[in-house]
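# Inside the fold
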Amino acid sequence: QMQLVESGGGLVQAGGSLRLSCAASGRTFSSYAMGWFRQAPGKEREFVAAISRSGGGTYYADSVKGRFTISRDNAKNTVYLQMNTLKPEDTAVYYCAADLSGSDLASPRKYDYWGQGTQVTVSS
């Protein structure tokens, strides 16, 4: 089993920034591609960003491209999501997830492990 623990969520005004962290334990972190997803009330979980095992490949949803940056530190077993220029529509619970296959990273069904989520609220 892999345990994933997110942190860094909170309340921020529109235009502000937050940095989410996801600490992994229990498995070899560098063997997994990592993703961030979010789920707003009444909506399905949606892909936000993903990063390859080495960190050399990053992928973003169109809605966050240019504003969010995903990164990872394999020495610290941690993946990050830097969120800038936040908008009220970014309000959601943000989840990190780990995928052993490393393919189709935008699909939540591909992921093997999930964190409990951290709330991000952007006020207008």
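Thresholds applied
Residues numbered from 1 in each chain as written. Predicted model: local features only at pLDDT ≥ 70, side-chain atom pairs only at ≥ 80, totals over all residues. Heavy atoms only, no water. Core = buried A, V, L, I, M, F, W, Y, C linked by side-chain atoms within 4.5 Å. Buried < 20%, exposed > 50% of the residue type's maximum accessible area, 1.4 Å probe, protein only. Helix = DSSP H or I, 4+ residues; strand = E, 2+ residues; numbered from the N terminus. Contact = heavy atoms within 4.5 Å. Phe/Tyr/Trp six-rings, centres within 6.5 Å; stacked < 30°, edge-to-face > 60°. Lys NZ or Arg CZ within 6 Å of the ring centre and 35° of its normal.

For the rest of this paragraph, the subject is the nonpolar core. In terms of nonpolar packing, the biggest core is built from 37 residues, with L4, M34, W36, L81, M83 and Y94 touching the most fellow members. If you list the elements that add at least two residues to this core, you get strand 3 (18–25), strand 4 (33–39), strand 5 (46–51), strand 7 (68–73), strand 8 (78–83), strand 9 (92–99) and strand 11 (118–123). Here Y94 is in contact with E6, L20, W36, F37, R38, V48, F68, L81, M83, G117, T118 and V120, once residues within four sequence places are set aside.

In this section: unusual backbone geometry. Backbone geometry follows two general trends: most residues other than glycine have a negative phi, and most peptide bonds adopt the trans configuration. With a phi close to 50 degrees, T85 is a non-glycine residue in the positive phi region. With a phi close to 50 degrees, D104 is a non-glycine residue in the positive phi region. With respect to the helices, strands and loops of the structure, D104 is situated in the loop between strand 9 and strand 10 (113–114).

Taken as a whole and assessed by the stated rule, the structure comprises 6 aromatic pairs. A centroid spacing of 6.5 Å and a plane angle of 75 degrees characterise the contact between Y95 and W114, whose relative ring orientation is edge-to-face. One end of the pair, Y95, is in strand 9; the other, W114, is in strand 10, with 19 residues separating them in the sequence. Under the relative-accessibility criterion, Y95 is labelled buried at 13%. Through pairs of rings, three or more aromatic residues link up here, namely F37, F47, Y95, Y111 and W114. Taking the ring centre of Y80 as reference, the NZ or CZ of R19 above it sits at 4.0 Å. Across the ring face of W114, the terminal group of R45 is positioned such that the distance to the ring centre comes to 4.7 Å.

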